Amino acid sequence: MTKTNNLVPKRRFQEFQNTNSWEQCELGKITNSYSGGTPSVGRSEYYDGDIPFIRSGEINSDSTELFISEKALNSSSAKMVEVGDILYAMYGATSGEAGISKINGAINQAILAIKPIEGYDSKFIMQLLRSQKHKILDKYLQGGQGNLSGSIVKGLQIKVPNYDEQNKIGRFFEELENNIIFQKRKLEKAQALKFAYLSELFPNEGDLEPKRRFAGFTGAWKQGTIGEFGYFYYGKSAPKWSVTSDATTPCVRYGELYTKHKEKIDTIYSFTNIPRENLKFSTGNEVLVPRVGEDPLDFANCSWLSIPGVAIGEMISVYNTQQNPLFTAYMFNALFKYEFAKRVEGGNVSNLYYTKLENIPVSYPSIEEQNKIASFLDNLSNLIVLHQRKLEKLQNLKKAYLNEMFI
């Protein structure tokens, strides 16, 4: 192990501020490692067992899609790993990713199992490899082509502190990642709850009232068409080249709804060099529907409300004069996925025209019930946005710490 002066990270725990510099060493000198293999796919008896077969995309998972038999393990180069071993992906799209095995199982040739020798912490080394991922790929997989190898990984030059500091850093990131997992679950639970309510607060096709209603509301919903809600108009194109640092015209593009799948519009782009007469400006609270996109099933799912005073890009706007516009947007989300899909035109890029939407049948309740439904779903959407922002904050925090707590 080579001692190097002034090797300290940008961020360090207080109790280690005055301790020695980190030391440089070769990964293969402080760990033992091996890769696995794949049993013959032509032998069905090899895949009827109960041994989890971990592939590179599953190194951070607690389950696997495939299971192999004891016979497969003994008849191939597949190797067993244990809970706590470092798993390092060497092939394909997952190259350079690292994780700690959550299960006992077998690995294939795309994974390198790494076991530190005494005095070195698995969780620290795994996080260090994560922090170095892009540097490793840039050096050894220039242009993103090819695969890593066991010899490359073993030969990596890394910097490590004493065991106590390794352990402290490893446990710190473990706790941070547990918080991220917990926040993801809260977000997924809120999203699932919203999906369930969307399916129950609006009538199914052919029904005159929904499965779930708020207290005080009874009776069949009125029947009509989307065209009876108001009138439609198209937005105007606002191309990417018009986004500049000195732009002054705010605009909502269809990508905010379609590509990013936002719960609500929270980014307003600014455009310049486009004459105002070439743009359509919203008066606010108009239901926006993407007019172009790759997957027609996403058109209705991405509808949302416009913001007053902004230009509307490649979208259809429903100027709502008779119903609660927020209710209308949620109604689009809930009911018209397949109705919209029937009405798109085009190949790889789908186009939607409002003339195809005006006759879609809809059901709607009194304005009081619309307000109640819209308010309830809006509160749930706001909760989802809150969970999403907390998750993004934790993920950004982890990224920053990976950059600052390793050398």
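Residues numbered from 1 in each chain as written. Predicted model: local features only at pLDDT ≥ 70, side-chain atom pairs only at ≥ 80, totals over all residues. Heavy atoms only, no water.

### Quick look at the overall build of the protein
Then, in step 1: When helices and strands are counted, the protein shows nine helices and 23 strands.
Then, in step 2: Burial analysis of the protein (407 residues in total) assigns 46% to the buried set.
Then, in step 3: The long-range fraction of contacts in the protein, counting pairs at least 24 apart against all pairs at least 6 apart in sequence, stands at 73%.
Then, in step 4: On the protein, roughly 20,800 Å² of surface is accessible, and the fraction owed to carbon and sulfur atoms is 47%. (Helix = DSSP H or I, 4+ residues; strand = E, 2+ residues; numbered from the N terminus. Buried < 20%, exposed > 50% of the residue type's maximum accessible area, 1.4 Å probe, protein only. Contact = heavy atoms within 4.5 Å. Areas by Shrake-Rupley, 256 points an atom, 1.4 Å probe, with all protein chains shown as cover.)

### Quick word on the sheet that holds strand β8 (residues 98-100)
What links the strands of a sheet is backbone hydrogen bonding, and the strands pair in either a parallel or an antiparallel sense.
Then, in step 1: Reading across the sheet, the four strands line up as β3-β10-β7-β8 and stay open at both edges, with antiparallel pairing between neighbours. The open sheet terminates on both sides in strands that have one partner only, identified here as β3 (31-35) and β8. Strand after strand, the sheet turns through a mean of 25° between neighbouring axes, direction not considered.
Then, in step 2: When β3 meets strand β10 (residues 111-116), the two strands line up antiparallel, connected through five bridges. When the bridges of β10 are listed, Ser-35 appears paired with Leu-112. (Pairing = 2+ DSSP bridges. Axes fitted to C-alpha atoms, helices over the stretch in contact; angles between N-to-C directions.)

### As for unusual backbone geometry
Then, in step 1: Of note, Asn-285 is a non-glycine position whose phi angle comes to about 55°, a positive value.
Then, in step 2: Looking at where Asn-285 falls in the secondary structure, it is placed in the loop between β16 (280-281) and β17 (287-290).
Then, in step 3: Owing to a relative accessible area of 45%, Asn-285 belongs among the partly exposed residues under this scheme.

### Considering the pattern of salt bridges
Then, in step 1: Inspection of every chain in the model, using the stated rule, returns 14 salt bridges.
Then, in step 2: Here Glu-165 and Arg-12 are joined by a salt bridge, their closest N and O atoms 2.8 Å apart. Here Glu-165, found in helix α6 (residues 163-200), pairs with Arg-12, found in the loop between β1 (2-3) and β2 (23-26); they are 153 residues apart in sequence, far enough to count as distant. Per residue, the accessibility class of Glu-165 equals that of Arg-12, and both read buried.
Then, in step 3: The closest approach of N and O atoms between Arg-171 and Asp-121, which form a salt bridge, is 3.3 Å. Residue Arg-171 is found in helix α6, and its partner Asp-121 is found in the loop between β10 and α3 (122-131); the two are separated by 50 residues along the sequence.
Then, in step 4: Classification of Asp-121 as buried rests on a relative accessible area of 4%.
Then, in step 5: Through salt bridges with shared partners, a single ionic network connects Arg-130, Glu-177 and Lys-398. (Salt bridge = Lys/Arg side-chain N within 4 Å of Asp/Glu carboxyl O.)

### Regarding the environment of Leu-73
Then, in step 1: By the element assignment, Leu-73 lies in helix α2 (residues 70-74).
Then, in step 2: Sequence-distant contacts of Leu-73, that is, excluding residues within four places in its chain, are made with Ile-51, Ile-68, Ala-78, Lys-79, Met-80 and Ala-106.

### A few points about the confidence of the model for the protein
Then, in step 1: Chain-level pLDDT for the protein is 85 on average; 85% of the residues reach the 70-or-more range.
Then, in step 2: Under a pLDDT of 50 for its full length, residues 260-265 has, in the predicted model, 23 contacts with residues more than four places off or in other chains. (pLDDT = per-residue confidence, 0-100.)

### Observations concerning the pairing of β10
Then, in step 1: Where strand β7 (residues 86-89) lies against β10, four bridges are found, and the strand directions are antiparallel. Residue Ala-89 lies in a different strand from β10, and its bridge partner there is Ile-111.

### Quick look at the sheet that holds strand β5 (residues 66-68)
Then, in step 1: Here we have four strands laid out as an open sheet, ordered β5-β4-β9-β6, and mixed in their pairing. Edge strands, defined here as strands with exactly one partner in the open sheet, are β5 and β6 (79-81). Adjacent strand axes in the sheet meet at a mean angle of 45° when their direction is disregarded.
Then, in step 2: For strand β4 (residues 51-54) and strand β9 (residues 105-107), the ladder comprises two bridges, and the chain directions are parallel. What sits directly across from Ile-54, in β9, is Ile-107.

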